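Overview (structure and organization)
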Amino acid sequence: MQAENWGRIKELLQKVLQLEPSKRRKFLDEPGISLEIREEVESLLAFEEETEDFMSLSASVFSKDFFSKDEQVTNSLIGQRIGNYEIVAELGFGGMGAVYLATRVDGKFSQRVAVKMLKREFNTEKIRRNFKREKEILATLAHPNIAALLDAGTTEDAVPYLVMEYVEGEPIDKFCRENALTLNERLKLFNKVCEAVAFAHRNLIVHRDLKPSNILITKDGKPKLLDFGISKLLAADSEDESMITNLGAMTPQYASPEQIKGASVTTATDIYSLGVILFKILTGNFPYNFENKTNGNLLKEITDSEPTVPSQAVRAGKNEEIKIISPSQLKGDLDNIILKSLSKEPERRYQTVEQFSADIWRFVDGLPVAARPATFLYRASKFYGRNKISVLAAVFILLSLLAGITVAVSQANAAKAQARIASEAQHQSEIETAKAKSEEEKAKKISRFMAKIISYANPVWYAEGAKFNGEAKVIDVMDDLGEKIDVEFAGQPDVQSELHHKFAEVYNFYKTGARAEGAREKELYHAKRAFEFRKQYNGEKHELVAKDLFYLVSAGAVESGEVNDENYAKTLAKAIQMMRETNPKNLNLPYMLSAYADNLTSPYFSEQNHETYLQAAIPPTNEGKYQLAERYYKEGLPVYWEHYKEFNNAIVLDECNLAFVLVKQKKHAEFEEHYQICKQRWVNAPPNPEYPKSSLDFIEEILAENRLRF
Amino acid sequence: MSERQTSEITQILQDWNDGNEDAKEKLLPFVYDELKRQAGFLMSSERANHTLQPTALVHEAFLRLSEQTGIDWQNRSHFYGIASRLMRQILVDHARLHATAKRGSNAIHFSVDDLQIPVEERAGSILVLNEVLERLEKLDEQQAKIVEMRFFGGMNNGEIAESLDISERTVGREWQSVRLWLYRELNQK
């Protein structure tokens, strides 16, 4: 073929490819196109379908194994003796060198080990010296879920090596998939991994390269973590640090943004990698779209892009996981937990692996988790969800109506009686009579409304009943009657507010799930009405007004002005303030405060501007602002104890925290008092996997340490 | 990399930044070494099993050389272009070591399914591609360059466009059409 011919063919080919198939023939029918050229174009077009994924790999992937083969041949050490071990087989070949299976040769007992021989690049004087020192530290890392470092040294020709416990197992992601583990099984397995990582962190060892291939699960389902501290050991040589980072001793898919940027690596780095691993085992995907990305873009993706929401990733993936784990199981709490661990800024992740793990346990147990999106609707909806309002919705409505009737009727009777007694005082009597009339009126209206509800159950006599064939659910009735409340109960703000309040409560629950459509709008409608009528009846400042103001915020509205963060904060703060002033023991107060605390990172919710509550005590505790923390604990704890009369681990932990804050301020007598409450309650606590008894050891240690310094 | 080498590369890059085109040539051996070293690591079996991402060695090489020298490099896409060429050379050299037959019985797709094909046969495919590319170079230099950059360099259309100083749209169209031709040439007897 001539080059000039190709120019013409190419031009036509490119034009034709832009056209829809149906229009192509006509295009090629043009008289200016010679038969020869046309045939050539058509011959190429014929391959269009076949070439769909042609050259979709890059050469570097297509040519895998081209290189390792060479190195494997030259590096084979099989049969050689390293220290007390003889190499029997090669296990694999990685970034740092080859890994061999070896057995003990000094005959005392047969033990299989993995020997890691390091590549020559790592064979520097500094690393050799570090080996000796770090060996001692790694040897202290004795944990059943961590593969032990048994020995380290250098061969006769000065090649550094490590002898590790040999682990037979599958990478965690593969294990979960092949054994079709359920969501809870996966979470529990993951938590075991967290325990091991937490143990290492307490020993001041950061892994830096956590990934599924370093987390093997043995046949009996026990996790074993490999290569702890190895990357640190190698990176201790500053000259080689960049090499490790770039060469990929670190696996880019699991690397944290700070690792990629070359910032300092801390325990938060491991928390991030654990987050990616959890993401992977629950969704089968990575949090970022790595497909068709070159390495440079891949790293940029990690540092710059927002991660995919896990529940959406499992939906999008064509993976096995979708058969076992549904998006709805991940939506909400697990999304929040994972996304928190994947925060770009290390300080926004969980502070410790224990906290990460504890949150997962809380999810498993159906308790509210600490991770949440920046919204304060969260706590309220969790509370309702846990208490299964769906089942109770019917009961609530009926009870509230029945209570309404009883109250109305008895008030009417009382008013009548009073009217009789007060007959001698004419003006008084008139007032009382009017009141009695109004109460009677109210009772009638309620009866009528009640009758209307009941008619929904009768498909033969009533249109309402026929509409649902007699099978209306309470929520159907509410949908129908919601807008009639103000017609039926015109002039009865107490009934109006109470009914609107109950309706808002129910729609809050329905905001997610099958009947979510329109629920948000309805919740907002009823919450607004409830608040207005409540004020009409109870005045501007009342316990119930405070409560409805909170409901208004929960429904996504503010008291006045534009709906924005600042006005949310103002409205919520006002509700809290009002509740504190009218009834500080109201059980809504902890939830209101909690909603507030959920948003402390927003500048509008800062503690300088408004009062906060117990959860707000945690940041100042960690920052050493003990006086402030003490104030929050002392304010929050009595409210909590009022609410949870029985044992509650979280509150006991807060008692312990208060004790800690007191000891830090050298308030000895008070410290002893709260410390005893903490200790006694903890020791007598019913078993709870989320709060193992051993967690007190940790607290005790800290406290003991601080007591010693009196 | 030794200190001496680092300072040498720094100087070369500096010269290149200053517009001295000869510097490009001097850089080749260093880039070649760097690519080869990384290819050895990145294309070892363990690593490649982990990820089927188009690992762009040229990016890695660029990152490493620029980080080592601390130079704010103006000619990134040109560097990628050069590195793609070298990468092709490295892979073809290696393929020669492994290839037992020039053409296997499988159709050549260079897609994920091909990873099941034995190394020897894949190596053969690389050699066949190299020959076809040599023919394409005579027919249409620009298209040959695009194939080299995409396949051997792992570069994306934007980077290729920048390196060749053409529009990204043109790169897309050229690629779309040349693929058909390549496929036919590779797979016809």
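Sequence positions are assigned chain by chain, starting from 1 and proceeding in written order. A letter from A marks each chain and a number from 1 marks each ligand, given out in the order of writing. The predicted nature of this model means local features are confined to residues of pLDDT at least 70 and side-chain atom pairs, given and counted, to a pLDDT of 80 or more, with totals for whole chains, interfaces and linings taken over all residues.

On to the overall build of chain A, then. Counting from the N terminus, the helices are DSSP H or I runs at least four residues long and the strands are E runs at least two residues long. Each helix and strand counted, chain A has 34 helices and nine strands in total. Two residues qualify as being in contact provided that their C-beta atoms, derived from the backbone, are within 7 Å of each other. Residue pairs in contact within chain A that sit at least 24 positions apart in sequence constitute 58% of those at least 6 positions apart.

Attention shifts here to the overall build of chain B. What chain B contains, in helices and strands, is nine helices and zero strands. Ordered by position from N to C terminus, the α and β elements of chain B give α-α-α-α-α-α-α-α-α. To sort residues by burial, count the other C-beta atoms lying within 10 Å of each one's C-beta; a count of 20 or more means buried, 12 or fewer means exposed, and anything in between means partly exposed. C-beta atoms are built from the backbone. Across the 189 residues of chain B, 41% fall into the buried class. Taking the intrachain contacts of chain B between residues at least 6 apart in sequence as the baseline, contacts between residues at least 24 apart amount to 64%.

Right, let's get into the environment of F509 of chain A. Its location among the elements puts F509 of chain A in helix 25 (residues 493–509). When the C-alpha positions of F509 of chain A and A519 of chain A are compared, they lie 8.6 Å apart, and in sequence the two are 10 residues distant.

This brings us to the confidence of the model for chain B. Residues and elements named next belong to chain B. On average, residues of chain B score 78 in pLDDT, and 79% of them reach the 70 mark or higher. pLDDT is a residue-level measure of predictor confidence that goes from 0 to 100. Of all the helices and strands in chain B, helix 3 (residues 45–50) carries the lowest mean pLDDT, 40, while helix 7 (residues 141–152) carries the highest, 94. Scored below 50 in pLDDT, residues 45–55 makes 32 contacts in the model with residues more than four places away or belonging to other chains. Reported for the predicted complex are a pTM of 0.40 and an ipTM of 0.85.

A separate point is the nonpolar core. We define a nonpolar core as a collection of buried residues of the types Ala, Val, Leu, Ile, Met, Phe, Trp, Tyr and Cys that are connected via C-beta atoms lying within 7 Å of each other. Counting residues in each nonpolar core, the largest one holds 73 residues, and the members touching the most others are V115, V163 and L274 of chain A. Residue contributions to this core peak at 10 residues, all from helix 12 (residues 267–283) of chain A. Residues within four places of V115 of chain A in sequence aside, it is in contact with I82, Y85, I87, Y100, A102, Y161 and V163 of chain A. Counting 53 residues, the second largest nonpolar core, distinct from the first, contains L35, F79, L91 and I108 of chain B.

Residues and elements named next belong to chain B. Between helix 5 (residues 76–98) and helix 8 (residues 157–164), the least distance of the axes is 8 Å, while the angle of their chain directions is 100 degrees. With respect to each other, helix 5 and helix 8 are oriented roughly perpendicular. In contact with S77, H78, Y80 and G81 of helix 5, helix 8 contributes E159, E162 and S163. All residues other than Ala, Val, Leu, Ile, Met, Phe, Trp, Tyr, Cys, Pro, Asp, Glu, Lys and Arg, Gly among them, are scored as polar; the first ten of these are nonpolar and the last four charged. When the residues that make up the contact of helix 5 with helix 8 are grouped by side-chain class, the tally is one nonpolar, four polar and two charged. Comment: axis = line fitted to C-alpha atoms, over the contacting stretch for helices; angle = value between 0 and 180 degrees taken between N-to-C directions. Here roughly perpendicular refers to angles of 65 to 115 degrees, roughly parallel to angles under 35, roughly antiparallel to angles over 145, and oblique to all remaining angles.

What follows covers the environment of T218 of chain A. Residue and element names in this part refer to chain A. Following the sequence through the fold, T218 ends up in the loop between strand 8 (215–217) and strand 9 (223–225). The spacing of T218 and V167 is 51 residues in sequence and 7.5 Å in space, taken between C-alpha atoms. Ignoring anything within four residues of it in the chain, the contact list for T218 reads V167, E168, G169 and K224.

Bringing the sheet that holds strand 9 of chain A into the picture now. All names here are of chain A. Two strands pair under a simple rule: DSSP has to find at least two bridges between them. Pairing in this open sheet of three strands is antiparallel, and the strands run 7-8-9 from one edge to the other. The outermost strands of the open sheet, each flanked by one partner alone, are strand 7 (170–171) and strand 9. Sheet topology places strand 7 next to strand 8; two bridges connect them, and they run antiparallel. Residue pairing across strands places P171 opposite L216, the latter belonging to strand 8. Packing against the sheet, helix 8 (residues 183–202) makes contact with strand 8 and strand 9, and its axis sits at approximately 35 degrees to strand 9.

Residue and element names in this part refer to chain A. For the pair helix 17 (residues 333–341) and helix 18 (residues 353–364), interaxial distance at closest approach is 10 Å and the crossing angle is 175 degrees. In terms of orientation, helix 17 lies roughly antiparallel with respect to helix 18. Two secondary-structure elements touch here, helix 17 through D333, L334, I337 and S341 and helix 18 through F356, D359, I360 and F363. Along the lines of polarity and charge, the residues of the contact of helix 17 with helix 18 split into five nonpolar, one polar and two charged.

What follows is about helix 12 of chain A. Residues and elements named next belong to chain A. With 17 residues, helix 12 should reach 24 Å at 1.5 Å per residue; the first-to-last C-alpha distance of 24 Å fits that figure. Along helix 12, 17 of the 17 residues are buried, which leaves the element largely enclosed by surrounding structure. Looking one or two residues past helix 12, G284 carries a phi angle of roughly 80 degrees, positive in sign. For a helix, the expected span equals 1.5 Å multiplied by the residue count minus one.

All names here are of chain A. Here helix 33 (residues 668–683) is 16 residues long and its end C-alpha atoms lie 22 Å apart, about the 22 Å a rise of 1.5 Å per residue gives. Buried residues of helix 33: F671, H674, Y675, C678 and W682, and no others. Relative to the axis of helix 33, the buried residues are bounded by an arc of 105 degrees and lie together on one face. Away from its buried face, by an angle of more than 90 degrees, helix 33 presents the exposed residues A669, Q676, Q680 and V683. An arc is given here, and it is the one of the directions from the helix axis to the C-beta atoms.

Residue and element names in this part refer to chain A. In this model, R208 sits at a positive phi of 80 degrees, which is unusual for a non-glycine residue. Tracing the backbone shows R208 in the loop between helix 8 and strand 8. Phi is positive for K666, close to 60 degrees, though the residue is something other than glycine. Relative to the helices and strands, K666 is located in the loop between helix 32 (649–664) and helix 33. K666 sits in the exposed class, given 11 other C-beta atoms within 10 Å.

The next subject is the environment of W181 of chain B. Residues and elements named next belong to chain B. Relative to the elements of secondary structure, W181 occurs in helix 9 (residues 168–187). According to the C-beta neighbour criterion, W181 is buried, with 25 such atoms within 10 Å. Distance in space between the C-alpha atoms of W181 and V132 is 10.0 Å, their sequence separation being 49 residues.

Okay, the confidence of the model for chain A next. Low pLDDT marks regions whose predicted coordinates should not be analysed in detail. Residue and element names in this part refer to chain A. Within chain A, residue pLDDT values average 76, and 72% of them lie at 70 or more. Averaged over each element, pLDDT in chain A is lowest for helix 10 (residues 238–247) (36) and highest for strand 8 (94). Across residues 235–250, where pLDDT falls below 50, the model places 33 contacts with residues more than four positions away in sequence or in other chains.

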